[in-house]
Amino acid sequence: MIHLIPAHFAHRVSTYPIDGYVSGEDWVAQLPRLLAELLDEWELEPVAPTTAGACSIALPVRLLGSGRDLAGVSGEAVLKVTWPHPEAASEALALQLWNGRGAVRLYRADPARFAILLERLHPRDLSSVPVDTACEVIGDLLSRLRRPSHPRVPRLVEYAERQAVELRRAPPVIPRRYLDQAAALAGELVTREPLEETLLHTDLHFENVLGAHRAPWLAIDPKPMTGDPAFEVAPALWNRSDELGTGAEIRGSLRRRLEIICERAGLDEGRARAWTIVRETDNAVDAAQDPHGRNRVSLAVVIIKAMND
Ligand SMILES: Nc1ncnc2c1ncn2[C@@H]1O[C@H](COP(=O)(O)OP(=O)(O)OP(=O)(O)O)[C@@H](O)[C@H]1O
Ligand SMILES: [Mg+2]
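Residues numbered from 1 in each chain as written. Chains lettered and ligands numbered in written order. Predicted model: local features only at pLDDT ≥ 70, side-chain atom pairs only at ≥ 80, totals over all residues.

Here we look at the packing of helix α6 (residues 176-189) against helix α9 (residues 269-287)
Right, on to step 1. Remark: α6 packs on α9, axes separated minimally by 9 Å, with the N-to-C direction vectors making an angle of 125°. With respect to their mutual orientation, α6 and α9 come out oblique. α6 and α9 meet at a crossing whose hand is left-handed. Where α6 abuts α9, its residues Y178, L179, Q181, A182, L185, A186 and L189 lie against R271, A274, W275, I277, V278 and T281.
Right, on to step 2. Residue composition of the contact of α6 with α9, grouped by class: 10 nonpolar, 2 polar and 1 charged. (Axes fitted to C-alpha atoms, helices over the stretch in contact; angles between N-to-C directions. Helix = DSSP H or I, 4+ residues; strand = E, 2+ residues; numbered from the N terminus. Parallel < 35°, antiparallel > 145°, perpendicular 65-115°, else oblique. Left-handed = near helix turned anticlockwise from the far one by under 90°. Contact = placed C-beta atoms within 7 Å. Nonpolar A, V, L, I, M, F, W, Y, C, P; charged D, E, K, R; others polar.)

The structure is reproduced here in structure tokens:
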């Protein structure tokens, strides 16, 4: 019997407090039954061990019975089940809107149970590809993913309006002037022209891009929003941070990643830098609440400085 729920995943998720739906502990307690029901109802058979993310598990499966044709010749798919929280609530809707263009294909979904059945992609992700090339891939994917959004997807304007208030009130975990700058930018960015609003993949980092059969690379795990596409660049700057170099090199490495992605995706660098400042300030405030978050706060300051200079 393939092991379905990794112990470290159950342990970690059990610590999550309710974020709109159910506590991590209560959800983990229901998870064995939820998985068994989904495997039964959707006629799936596990074929490989589960991969655990921060909030979800992804289980490779074979489709049995009447649904077989969904998955093409391989007959395989991945069942992803997520601990219910707002960021994940419109994942299925976004994947449905992309309909396989630049992103993993969605075979079926049960939004109420935060369960989706996905095209099975390769285990290989962009973290093993040289970083400049990986940034080119991310820039190209961002331009492929650009399309109109849907009214049910959360709006970036609302996130920005919240940040404009909360960052100004936040404790000085990083120098006050950065908090104030980020709060001001959050307010300005959503009123400053041009106000192009598209469906956004707000978490396009190297591990959320997997190799595939039908395209060299496809995006997974979108944490969708509707708004300014320049918002999408930042995760490729704060991930793979051990490859940024040291001292004066860091600024150059960050600016190079930003330039490559903006060039490939046709984005305005100034807006991408400004959104990165807002997002990294938000990340710093979150990381400061985590007893192990000190290095993350320092990284945020380095990135904010590099975006300013
Ligand atoms: N369609 C797929 N095909 C193959 N593997 C997949 C697929 N979807 C997810 N995975 C694997 O499961 C892992 C977790 O998936 P995903 O990134 O969607 O979940 P998550 O919990 O939202 O992740 P994160 O930790 O980034 O928040 C991926 O990194 C990947 O290794
Ligand atoms: Mg992920």
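From this point, the narrative continues.
Observations concerning the site of ligand 1
Right, on to step 1. Around ligand 1, the structure places 18 residues, and the nearest of them are G53, A54, S56, A58 and D221.
Right, on to step 2. Only β3 (56-63), β4 (76-82) and β6 (115-119) provide two or more residues apiece to the shell around ligand 1.
Right, on to step 3. Partitioned by chemical class, the residues of the shell around ligand 1 number 9 nonpolar, 4 polar and 5 charged.
Right, on to step 4. In terms of domain composition, the shell around ligand 1 takes at least three residues from each of domain 1 (7-119) and domain 2 (126-308). (Near = placed C-beta within 6 Å. Domains from an automatic or database assignment.)

Things to note about the domain arrangement of the protein
Right, on to step 1. Structurally, the protein comprises domain 1 (7-119) and domain 2 (126-308).
Right, on to step 2. With centres defined by C-alpha atoms, the gap from domain 1 to domain 2 works out at 26 Å.
Right, on to step 3. Facing 11 residues of domain 1, the contacting portion of domain 2 comprises 15 residues.
Right, on to step 4. Grouping the constituent residues of the side of domain 1 that touches domain 2 by class yields 6 nonpolar, 2 polar and 3 charged.

Some thoughts on the packing of helix α8 (residues 249-265) against α9
Right, on to step 1. The geometry of α8 relative to α9 is characterised by a closest axis approach of 10 Å and an angle of 125° between their N-to-C directions. The angle between α8 and α9 falls in the class oblique. Of the two elements, α8 crosses α9, and the hand of that crossing is right-handed. Contact residues: α8 offers L258, E259 and C262, while α9 offers E269, A272 and R273.
Right, on to step 2. In terms of residue class, the contact of α8 with α9 is made up of 3 nonpolar, no polar and 3 charged.

Observations concerning the environment of P111
Right, on to step 1. Considering the arrangement of structural elements, one finds P111 in the loop between β5 (106-110) and β6.
Right, on to step 2. P111 sits in the partly exposed class, given 15 other C-beta atoms within 10 Å.
Right, on to step 3. P111 sits 21 residues away from S90 along the chain, and the two C-alpha atoms are 8.0 Å apart. (Buried ≥ 20, exposed ≤ 12 C-beta atoms within 10 Å, placed from the backbone.)

Structural notes on the nonpolar core
Nonpolar side chains tend toward joint burial in soluble globular proteins.
Right, on to step 1. Counting residues in each nonpolar core, the largest one holds 92 residues, and the members touching the most others are I138, V233 and I261.
Right, on to step 2. The residues that make up this core include at least three from each of domain 1 (7-119) and domain 2 (126-308).
Right, on to step 3. Beyond its immediate chain neighbours, meaning those up to four positions away, V233 contacts L258, I261, C262, L267, A272 and T276. (Core = buried A, V, L, I, M, F, W, Y, C linked by C-beta atoms within 7 Å.)

Looking at helix α3 (residues 91-98)
Since there are 3.6 residues in each turn of an α-helix, residues three or four apart along the chain are aligned in direction.
Right, on to step 1. With 6 of 8 residues buried, α3 is to be regarded as a mostly interior element.
Right, on to step 2. Turning to α3, its buried residues are E91, A92, A94, L95, L97 and W98.
Right, on to step 3. Looking one or two places after α3, you find N99, whose phi comes out positive at around 50°.

Remarks on the pairing of β6
Right, on to step 1. Among the 5 residues of β6, 5 are classified as buried, and the element is accordingly described as predominantly covered.
Right, on to step 2. Examined bridge by bridge, β4 and β6 share 5 bridges and lie antiparallel to one another. Note that in β6 the partner of A77 across the bridge is E119.
Right, on to step 3. Pairing between β5 and β6: 4 bridges, direction antiparallel. (Pairing = 2+ DSSP bridges.)

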